[in-house]
Amino acid sequence: MATLFWLQTGACGGDSLALLSAESPSLEQIFSAHGVELLWHPSLSGASMREHDALLERIVNGEQALDILCVEGSIVTAPRGTGLYDSYRGRARMDIARELAERAGTVVAMGTCAAYGGVHAAAPNPGDCIGLQYNRSTPGGLLPPEWRSRAGLPVVNVSGCPAHPHAMTQTLAWLAAGLPLPLDELNRPKAFFNTVVHQGCTRNEYHEYDIEENEPGGRACLFFNLGCQGPMTQAVCNSDLWNGTSSKTRAGVPCFGCTSPSFPRDTDLFLTEKIGDIPLRLPLGVERPRYMAYKNLARAAAPERVKDKKMDV
């Protein structure tokens, strides 16, 4: 059995809530069929805090094996690098996280806050928040870029706000089984971050013909005017639907790019920044001159059913 300890730092608890909606595998299946033993979760464990403290001490002393450490929430380092704005029994949680990380077989950052700092690290960042091994897009957070766990891995970043339920449970199942876990350049498991949200979006034909929406809730594309980050954001939201039924774009809300280290963007989330008619940020791998030529041709060639927004999404 692989032992798991879940530590919450500067968090809203959203990743824990999302975890409860996982179905493939479910959280219960992680414990019953995938060889994970839960040592502690702040919302799910029934043990007393005295027992929690004794468990922490045994892990730090090496008397209790810790195979997987999950951290949910950004690392609060204020004031003046002490971390005492987020403390437990007088100790900064960032110090507890660092101690546990040194004992863990693998450390997993659950959610963008733990991975890169997330919402709490956005300007003006009064808590001086950072991620476990990143400060937004810059390598190096609570742990230096060269840090590796006992299993030889950097912090595994399962980013998202919240993280996708199946990205969390399947990563845990993968680790418990001792299987290789290929990571991308941002230390995210490739299996869940090698496609973009645009893939599987039901508005794709509107996007191809540059038929744009100006208000949330409509049928057309949300990229050109409403700030949708789907064509640039690597996540499975439209290929593995949330609760098996929907996603932001399917509900008429633009993708905010929450798996990115730069989330949240320091701008209006419902606005596409442009030079002229061309968005500043283009879909991954698209060259600006080709895009400008394609856009004008596509709109002129749009069939009536697309121009009239008759297709359901």
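Since this is a predicted model, take the numbers as computed values, not measurements.

### Quick notes on the overall build of the chain
Helices and strands together make up the secondary structure of the chain, namely ten helices and 13 strands. For the chain, the spread of C-alpha atoms along the principal axes amounts to about 70 × 45 × 30 Å. Each of the 313 residues in the chain was classed as buried or not, and the buried ones make up 51%. For the chain, long-range pairs separated by at least 24 residues make up 68% of all intrachain contacts whose partners lie at least 6 apart in sequence. Only carbon and sulfur atoms are counted for the fraction: they give 52% of the accessible area of the chain, which is about 14200 Å². On the chain, the mean spot of the 28 positive side-chain charges and the mean spot of the 33 negative ones are 4 Å from each other.

### A look at the packing of aromatic side chains
Counting across every chain of the model gives four aromatic pairs. Taking the centre distance of 5.2 Å and the plane angle of 80 degrees together, the rings of Tyr116 and Tyr134 count as edge-to-face. Pair noted here: Tyr116 is in helix 5 (residues 112-116) and Tyr134 is in strand 9 (residues 134-135), with a separation of 18 residues, a long-range link. Tyr116 sits in the buried class, given a relative accessible area of 0%. Ring geometry for Phe223 and Phe224: centres 5.3 Å apart, planes at 75 degrees, overall edge-to-face.

### Comments concerning the nonpolar core
With 32 residues, the main nonpolar core has Phe5, Leu66, Leu69, Leu100, Val107 and Leu132 as its most contacted residues. Residue assignment for this core shows that the elements contributing at least two residues are strand 1 (2-8), strand 2 (36-40), helix 3 (49-60), strand 3 (66-72), helix 4 (93-103), strand 7 (104-110) and helix 5. Among all residues touching Leu66, those that are not within four sequence positions of it are Thr3, Leu4, Phe5, Leu39, Ile59, Leu100, Arg103, Ala104, Gly105 and Arg150. If you look at the next biggest cluster of nonpolar residues, it comprises 25 residues, including Ala2, Cys70, Val156 and Val158.

### Looking at the domain arrangement of the chain
For the chain, the assigned domains read domain 1 (2-191) and domain 2 (195-312). The straight-line distance from the C-alpha centre of domain 1 to that of domain 2 is 32 Å. Opposite the 19 residues of domain 1 that make contact, domain 2 presents 14 residues. Buried area between domain 1 and domain 2, both sides added, is near 1400 Å², and the carbon and sulfur share of it is 56%.

### A word on the sheet that holds strand 7
Ordered by their spatial adjacency, five strands build an open sheet running 2-1-3-7-11, and the pairing between neighbours is parallel. Of all the strands in the sheet, the pair left with one neighbour each is strand 2 and strand 11 (156-158). The sheet shows a mean angle of 25 degrees between the axes of neighbouring strands, direction not considered. Across four bridges, the pairing between strand 1 and strand 2 is parallel. Residue pairing for strand 2: Leu4 is matched across the bridge by Leu38. Sheet strands touched by helix 4: strand 1, strand 3 and strand 7. Its angle to strand 7, the strand with the most contacts, is close to 135 degrees.

### Side note on the UniProt feature "domain: Cytochrome-c3 hydrogenase C-terminal" (unreviewed entry) in the chain
Residues annotated by UniProt as "domain: Cytochrome-c3 hydrogenase C-terminal" (unreviewed entry) correspond here to residues 193-270. Helix makes up 8% of residues 193-270 and strand makes up 0%, while its end C-alpha atoms are separated by 23 Å.

The rules behind these values
Residues numbered from 1 in each chain as written. Predicted model: local features only at pLDDT ≥ 70, side-chain atom pairs only at ≥ 80, totals over all residues. Heavy atoms only, no water. Helix = DSSP H or I, 4+ residues; strand = E, 2+ residues; numbered from the N terminus. Buried < 20%, exposed > 50% of the residue type's maximum accessible area, 1.4 Å probe, protein only. Contact = heavy atoms within 4.5 Å. Areas by Shrake-Rupley, 256 points an atom, 1.4 Å probe, with all protein chains shown as cover. Lys, Arg positive; Asp, Glu negative; His and termini not counted. Charge placed at Lys NZ, Arg CZ, Asp CG, Glu CD. Phe/Tyr/Trp six-rings, centres within 6.5 Å; stacked < 30°, edge-to-face > 60°. Core = buried A, V, L, I, M, F, W, Y, C linked by side-chain atoms within 4.5 Å. Domains from an automatic or database assignment. Buried area = accessible area lost by both parts, 1.4 Å probe. Pairing = 2+ DSSP bridges. Axes fitted to C-alpha atoms, helices over the stretch in contact; angles between N-to-C directions. UniProt positions renumbered as here; feature names shortened; annotations may be inferred.

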